[in-house]
Amino acid sequence: MLSERMQGALNEQINAELYSSYLYLAMSSHFSSANLAGMASWMRVQVQEELFHAIKMYDFVNERGGRAMMKAISQPPGAWDSALAVFEAGLDHERKVTGLINNLVDVAIAERDHATSIFLQWFVTEQVEEEANASGIVSKLRMIGHDASSLFALDQELGQRVFVMPATPTA
Ligand code: FEO
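An account of the accompanying structure is given in this report. (Residues numbered from 1 in each chain as written. Predicted model: local features only at pLDDT ≥ 70, side-chain atom pairs only at ≥ 80, totals over all residues. Heavy atoms only, no water.)

**Focus: the nonpolar core**
One broad rule of soluble globular proteins: the nonpolar side chains tend to lie buried together.
Step number 1: Judged by nonpolar contacts, the single largest core of 24 residues is most densely connected at Met27, Phe31, Met39, Met43, Phe87, Leu141 and Leu158.
Step number 2: Ranked by residues supplied to this core, first place goes to helix 1 (residues 4-33) with 6 residues.
Step number 3: Not counting chain neighbours up to four residues away, the residues in contact with Met27 comprise Met43, Trp80, Val86, Ala89 and Gly90.
Step number 4: Judged by nonpolar contacts, the second largest core, of 20 residues, contains Leu2, Leu18, Phe60 and Val105. (Core = buried A, V, L, I, M, F, W, Y, C linked by side-chain atoms within 4.5 Å. Buried < 20%, exposed > 50% of the residue type's maximum accessible area, 1.4 Å probe, protein only. Helix = DSSP H or I, 4+ residues; strand = E, 2+ residues; numbered from the N terminus. Contact = heavy atoms within 4.5 Å.)

**Examining the packing of helix 2 (residues 37-63) against helix 3 (residues 83-110)**
Step number 1: Direction vectors running N to C along helix 2 and helix 3 enclose 10°, while the axes themselves pass 13 Å from each other. It follows from the interaxial angle that helix 2 and helix 3 lie roughly parallel. Between helix 2 and helix 3 lies a crossing whose hand is left-handed. Each of Met39, Trp42, Met43, Gln46, Glu50 and Met57 in helix 2 lies in contact with helix 3, whose residues at this interface are Ala83, Val86, Phe87, Glu94 and Leu104.
Step number 2: Here the contact of helix 2 with helix 3 is built from residues that sort into 8 nonpolar, 1 polar and 2 charged. (Axes fitted to C-alpha atoms, helices over the stretch in contact; angles between N-to-C directions. Parallel < 35°, antiparallel > 145°, perpendicular 65-115°, else oblique. Left-handed = near helix turned anticlockwise from the far one by under 90°. Nonpolar A, V, L, I, M, F, W, Y, C, P; charged D, E, K, R; others polar.)

**As for the pattern of salt bridges**
Step number 1: Under the definition given, this model contains 7 salt bridges.
Step number 2: Across the pair Arg5 and Glu111 runs a salt bridge whose closest N-O atoms are separated by 3.3 Å. Here Arg5, found in helix 1, pairs with Glu111, found in the loop between helix 3 and helix 4 (114-144); they are 106 residues apart in sequence, far enough to count as distant.
Step number 3: Two residues, Glu157 and Lys140, come together in a salt bridge whose shortest N-O distance is 2.9 Å. (Salt bridge = Lys/Arg side-chain N within 4 Å of Asp/Glu carboxyl O.)

**Regarding helix 2**
Step number 1: For helix 2, which comprises 27 residues, the first-to-last C-alpha distance of 39 Å matches the rise-based estimate of 39 Å (1.5 Å per residue) to within 8%.
Step number 2: Just past helix 2, the residue Gly65 takes up positive phi, approximately 80°. (Expected span 1.5 Å × (residues − 1).)

**Concerning helix 5 (residues 148-158)**
In an α-helix, one full turn covers 3.6 residues, which means residues spaced three or four apart are oriented alike.
Step number 1: Of the residues making up helix 5, those classed as buried are Leu154, Asp155 and Leu158. The buried residues of helix 5 occupy an angular sector of 105° when projected down its axis, which confines them to one face. Those residues of helix 5 that are exposed and angled more than 90 degrees off the buried face are Ser149 and Phe152.
Step number 2: Elements that come into contact with the buried residues of helix 5 comprise helix 2, helix 3 and helix 4. (Arc of directions from axis to C-beta.)

**Describing unusual backbone geometry**
Step number 1: With phi around 60°, Asn35 is a residue other than glycine that occupies positive phi space.
Step number 2: Note that Asn35 resides in the loop between helix 1 and helix 2.
Step number 3: For Asn35, a relative accessible area of 69% corresponds to the exposed category.
Step number 4: At Arg112, a position not held by glycine, the phi torsion is positive, near 55°.
Step number 5: For Arg112, the position within the fold is in the loop between helix 3 and helix 4.
Step number 6: The exposure class assigned to Arg112 is exposed, which follows from its relative accessible area of 64%.

**Section: empty space enclosed by the protein**
Any empty space left between atoms is shown by rolling a water-sized probe over those atoms.
Step number 1: Within the structure shown, the criterion is met by 1 cavity of 30 Å³ or more.
Step number 2: Size it by volume and the largest cavity reaches roughly 50 Å³.
Step number 3: For the largest cavity, the full set of lining residues is Tyr24, Trp42, Met43, Gln46, Phe87, Gly90, Leu91, Glu94, Glu130 and Ala134.
Step number 4: Elements that contribute at least two residues to the lining of the largest cavity include exactly helix 2, helix 3 and helix 4. (1 Å grid on protein atoms, 1.4 Å probe; cavity = no way out; pocket = protein on both sides within 12 Å on 5 of 7 lines; lining within 4 Å. Points joined across faces, edges and corners; volume = space filled by probe spheres on them.)

Dropping the structure here:
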């Protein structure tokens, strides 16, 4: 059974993951309108990843006899100055999410909720990959600068990304 405090904190994170998917959907729309179809597609995969994170946490709350609550999702920004600005905002966001996950682990430890602490380790590991993905693209975009042909090549490369359902959806 989840404590009230733990349940509240997990519900906040479900909302944060849903906001993440909403933010990346806004970024995908931005890239579509900028004719960067590969980056738009990359962001669509990211939307699926974030929805997966939200549902994974939702399932865990229910599995532990808690109640997942749907709260209002904030409006994300709608436009950015450049492809680099979009991915920088994505990297900033992922760093914030890493902080939120770390805070959740702190709550689980304070509540002596070992099951939740173990469950959250998947998210701790996932955040390493999330930050590395965004950081790698930011680095490439900084190298590219205003070189349109390199930007086009990176757009093609990012368009190859596909969503892969993780092997353990609820554990
Ligand atoms: Fe759900 Fe991008 O972390």
